Amino acid sequence: VIRSIRHVGGWGYKIPDAPITKEILKITRFTAAKPSDIVACFSGQFVAVETKQFKKWEALGLRHFQDEQISGMDSIIKAGGRAFVFLNIRIKKPYENKLLIFDWEHLHEHFQLFGSVFAKDLQKKSFVESFIVDDKRLWNLTKWRRLL
């Protein structure tokens, strides 16, 4: 995703996950909360991207998000930024590798009204095509970029 963001002219940074082991939890009182997996910027517009991956078609709901992700993305929107969820559906048999993009503001509202986005509705949603550059897969974020 970071390479794809850079390919369409943005700056992006993957916020590292905090390593969690029983030993680390013994010596620390907290784990670092992060509002999203990726922070990005396009022409001065702050963008947060939370990435999710499913290995089968299933409903997407609030249960897939941690409290700090929900409040973080809500706060980013309130401050004038944008927040998105990039859902990668990667199934081995039959092979599928699709990226669905959701605007968090609309998705969160959908969750509050309907509880989740059903698997059958996810399957009907248009997905982002991918392509290969220098032996690396990139997602075609050109249309998404125009929405910013």
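What counts, and at which threshold
Residues numbered from 1 in each chain as written. Predicted model: local features only at pLDDT ≥ 70, side-chain atom pairs only at ≥ 80, totals over all residues. Heavy atoms only, no water. Patch = residues over 30% accessible without salt bridge, like charges linked within 9 Å, V, L, I, M, F, W, Y side chains within 5 Å. Areas by Shrake-Rupley, 256 points an atom, 1.4 Å probe, with all protein chains shown as cover. Salt bridge = Lys/Arg side-chain N within 4 Å of Asp/Glu carboxyl O. Lys, Arg positive; Asp, Glu negative; His and termini not counted. Charge placed at Lys NZ, Arg CZ, Asp CG, Glu CD. Helix = DSSP H or I, 4+ residues; strand = E, 2+ residues; numbered from the N terminus. Pairing = 2+ DSSP bridges. Axes fitted to C-alpha atoms, helices over the stretch in contact; angles between N-to-C directions. Buried < 20%, exposed > 50% of the residue type's maximum accessible area, 1.4 Å probe, protein only. Phe/Tyr/Trp six-rings, centres within 6.5 Å; stacked < 30°, edge-to-face > 60°. Lys NZ or Arg CZ within 6 Å of the ring centre and 35° of its normal. Core = buried A, V, L, I, M, F, W, Y, C linked by side-chain atoms within 4.5 Å.

Caption draft 1: Spotlight on a positive patch on the surface. There is a patch of like positive charges on the surface, built from Lys55, Arg90, Lys92, Lys93 and Arg137. With respect to the helices and strands, the residue Lys55 is situated in the loop between strand E3 (45–54) and strand E4 (60–61).

Caption draft 2: Molecular detail of the sheet that holds strand E1 (residues 11–14). Ordered in space as E1-E2-E3-E5-E6, the five strands form an open sheet in which the pairing is mixed. If you trace the sheet from one side to the other, it starts and ends with E1 and strand E6 (96–103), each paired once. Here the strands of the sheet are splayed against their neighbours by 20° on average, with no regard to which way each runs. Bridging between E1 and strand E2 (residues 38–42) involves four bridges; their strand directions are antiparallel.

Caption draft 3: How the structure looks around the pairing of strand E5 (residues 82–91). Extensive coverage of E5 is indicated by the burial of eight of its ten residues. Sheet topology note: the E3/E5 ladder contains eight bridges and is parallel. Note on E5: the bridge partner recorded for Phe54 is Ile89. Counting the residues that bridge the hairpin from E5 to E6 gives four residues.

Caption draft 4: Layout of the packing of aromatic side chains. Counting across every chain of the model gives six aromatic pairs. For the ring pair Phe65 and Phe111, a centre distance of 6.0 Å and an interplane angle of 50° mean the geometry is tilted. Of the two residues, Phe65 is situated in the loop between E4 and helix H3 (67–78) and Phe111 in helix H4 (residues 104–114); the sequence distance between them amounts to 46 residues. Relative accessible area serves as the criterion here: at 4%, Phe111 is assigned to the buried category. Each member of the aromatic cluster is reached from another via a ring pair, and the members are Phe42, Phe84, Phe86 and Trp144. Seen from the ring of Phe65, Lys52 lies directly overhead, with NZ or CZ sitting 4.9 Å from the centre.

Caption draft 5: Local environment of the nonpolar core. Within the largest apolar cluster, 22 residues are counted, with the highest numbers of intra-cluster contacts made by Leu60, Phe65, Leu87, Phe102, Trp104, Leu107 and Leu122. Those elements that place two or more of their residues in this core are E3, H3, E5, E6, H4 and helix H5 (119–124). Ala40, Phe42, Val47 and Phe86 belong to the second-largest nonpolar core, a separate cluster that totals 16 residues.

Without other data, these values stay purely geometric and don't point to any function.
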